[in-house]
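Survey of secondary and tertiary structure
This is what each chain is made of:
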Amino acid sequence: MRLDKFLAESAIGSRKKVREYIKEGSVKVNGEVITEPAIEINENFDVVEYINEIVVYTGKVYYMFHKPAGCITAKTDAVNKTVFDFFDNTSMKGVFHVGRLDKDTEGLLLLTNDGEFEHKIMHPKKHVEKTYFFWALGSLDEADKNQLEQGICIGQDKEIMTKPAKIEVDKFGMYKELKHKITIDNITSIASMHPNQPVVSGYLTISEGRKHQVKRMLKAVGCYVVYLKRISIGGLTLDETLEKGSHRHLTESEILKVLE
Ligand code: URA
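Residues numbered from 1 in each chain as written. Predicted model: local features only at pLDDT ≥ 70, side-chain atom pairs only at ≥ 80, totals over all residues. Heavy atoms only, no water.

For side chains of opposite charge, pairing can occur when their charged atoms come near one another. Here the structure, examined in full by the defined rule, presents 17 salt bridges. For Glu129, the salt bridge is made with Lys166, and the minimal N-O distance between the two is 2.9 Å. Note that Glu129 is positioned in the loop between helix 3 (115–122) and strand 8 (130–137) and Lys166 in strand 9 (residues 166–174), a separation of 37 residues in sequence. Where Arg210 meets Glu208, a salt bridge forms, and the shortest distance between an N and an O atom there is 3.5 Å. Both residues of the pair, Arg210 and Glu208, belong to the buried class. Connected through shared salt-bridge partners, Arg2, Asp4, Arg15 and Arg19 make up one network. (Salt bridge = Lys/Arg side-chain N within 4 Å of Asp/Glu carboxyl O. Helix = DSSP H or I, 4+ residues; strand = E, 2+ residues; numbered from the N terminus. Buried < 20%, exposed > 50% of the residue type's maximum accessible area, 1.4 Å probe, protein only.)

Within this structure's numbering, the places UniProt gives as "domain: RNA-binding S4" (unreviewed entry) are residues 1–64. This span, residues 1–64, is 23% helix and 20% strand, and a straight line between its end C-alpha atoms measures 27 Å. (UniProt positions renumbered as here; feature names shortened; annotations may be inferred.)

Let us now look at the site of the ligand. Taken together, Leu101, Asp102, Thr105, Tyr132, His212, Gln213, Val214, Lys215 and Leu228 make up the full set of residues adjacent to the ligand. At a separation of 2.9 Å, an oxygen atom of the ligand approaches a polar side-chain atom of Thr105. Within the backbone of His212, an N or O atom sits 3.2 Å from an oxygen atom of the ligand. Notes on the ligand: free accessible area 240 Å², of which the protein chains cover 96%. Of all the elements, helix 7 (residues 213–220) adds the most residues to the shell around the ligand, at 3 residues. Each of domain 2 (62–124 + 236–258) and domain 3 (129–233) accounts for three or more of the residues forming the shell around the ligand. (Near = heavy atom within 4 Å. Polar contact = N/O pair within 3.5 Å; in protein donor to acceptor, adjacent residues only side chain to side chain. Areas by Shrake-Rupley, 256 points an atom, 1.4 Å probe, with all protein chains shown as cover. Domains from an automatic or database assignment.)

So, on to the pairing of strand 10 (residues 198–206). Along strand 10, 7 of the 9 residues are buried, which leaves the element largely enclosed by surrounding structure. As defined by bridge partners, strand 8 adjoins strand 10 across 8 bridges and the pair is classed as antiparallel. If you follow Phe133 over to strand 10, its bridge partner there is Tyr203. Of the pairings in the sheet, the one linking strand 9 to strand 10 comprises 8 bridges and is antiparallel in character. Bridging across to strand 10, Glu168 finds its partner in Tyr203. (Pairing = 2+ DSSP bridges.)

Turning next to the sheet that holds strand 4 (residues 53–54). Note: strands within a sheet are paired through backbone hydrogen bonds, in either parallel or antiparallel orientation. Taken in spatial order, the 4 strands of this open sheet run 2-1-3-4, and their pairing is antiparallel. Bordering the open sheet on either side are strand 2 (32–33) and strand 4, each of which pairs with just one other strand. Bridge count between strand 1 (residues 27–29) and strand 3 (residues 48–50): 3 bridges; the pairing is antiparallel. Among the inter-strand pairings, Val29 is bridged to a residue of strand 3, identified as Val48.

Before going further, it helps to examine the domain arrangement of the chain. Domain annotation for the chain reports domain 1 (3–54), domain 2 (62–124 + 236–258) and domain 3 (129–233). Measuring from the centre of the C-alpha atoms in domain 1 to the corresponding centre in domain 2 gives 28 Å. Counting the surface lost from both domain 1 and domain 2, the interface buries some 260 Å², and carbon and sulfur atoms represent 40% of this. If you sort the residues of domain 1 by the area they bury against domain 2, Glu9, Ala11 and Arg15 come out on top, with a joint share of 79%. Our enumeration of links across domain 1 and domain 2 arrives at 0 salt bridges. (Buried area = accessible area lost by both parts, 1.4 Å probe.)

Here the focus is the environment of Asp239. Turning to its location among the elements, Asp239 is positioned in the loop between strand 12 (236–237) and strand 13 (247–249). Asp239 gets classed as buried once you look at its relative accessible area, which sits at 19%. For the pair formed by Asp239 and Leu108, sequence separation is 131 residues and the distance between their alpha carbons is 8.4 Å. Residues in contact with Asp239, not counting those within four places in the same chain, are Met64 and Arg248. Separated by 3.1 Å, the side chains of Asp239 and Arg248 make a polar contact. (Contact = heavy atoms within 4.5 Å.)

Bringing the state of the cysteines into the picture now. For the structure on display, the rule yields 0 disulfides. For the unlinked cysteine Cys223, the closest cysteine sulfur is that of Cys153, found at 17 Å. (Disulfide = S-S within 2.5 Å.)

Shown next as structure tokens:
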């Protein structure tokens with residue numbers, strides 16, 4: 001394996017950064033300073049040091065995490081529980097979350113130590129689709145759906161329009177007529193105060209990742225989101241057998257599916 005790949009996959013830094021470290025003489029292989037990033041090493045036998053510390057090869061890791069509501073998508077937080085607090089027994093050195101979900105959003109979150117993988121998912125030009133299931137107070141008519149599909153202005157000032165999205169309405173009607181089908185606490189507690197309140201559920205698929213994007217898009221057409229769950233990224237769907245707050249490794253085929 002190439003020396004730069006070995007270091008990048010051992011959470012020393014991105015491929016670009018580790019090449020710099022190698023060229024500046026911070027890396028030794030079997031006690032000798034090596035300044036050539038492309039040199040081949042054997043990860044099982046050769047001893048690699050970065051600033052005189054032995055580097056332990058971890059390899060690339062890819063986790064699917066079922067995020068519960070109430071935790072922050074961040075490495076640390078002074079007040080709240082973070083998604084990393086759910087990985088108690090696992091070494092998370094060099095692992096980061098791919099994108100963010102709001103504190104009250106549930107569902108599919110990926111974590112990895114592979115910067116290129118993250119870049120492919122997050123870069124706006126790659127157009128990887130993310131699908132969210134929502135419950136909202138309000139209703140969606142054909143004109144609203146057309147706006148969401150074509151692009152809508154979600155900010156003040158001159159914020160550019162959203163890219164075309166896909167919207168599929170699942171259930172809609174007055175809360176009092178639908179309440180027997182709704183098991184989500186949030187909506188039950190808010191809408192039950194207004195039984196004649198129209199409510200709507202559905203799926204919104206977007207290919208960008210602006211802050212609070214789904215909530216802001218639905219707000220722009222008069223809907224107030226009370227429940228949000230990401231159910232897929234690219235061709236990868238959340239494994240519903242994974243309980244909220246738990247995680248597992250992605251399979252080889254799932255890693256490829258994300259980028260479909
Ligand atoms: N859009 C939102 O509004 N919130 C999320 O957590 C993700 C997408």
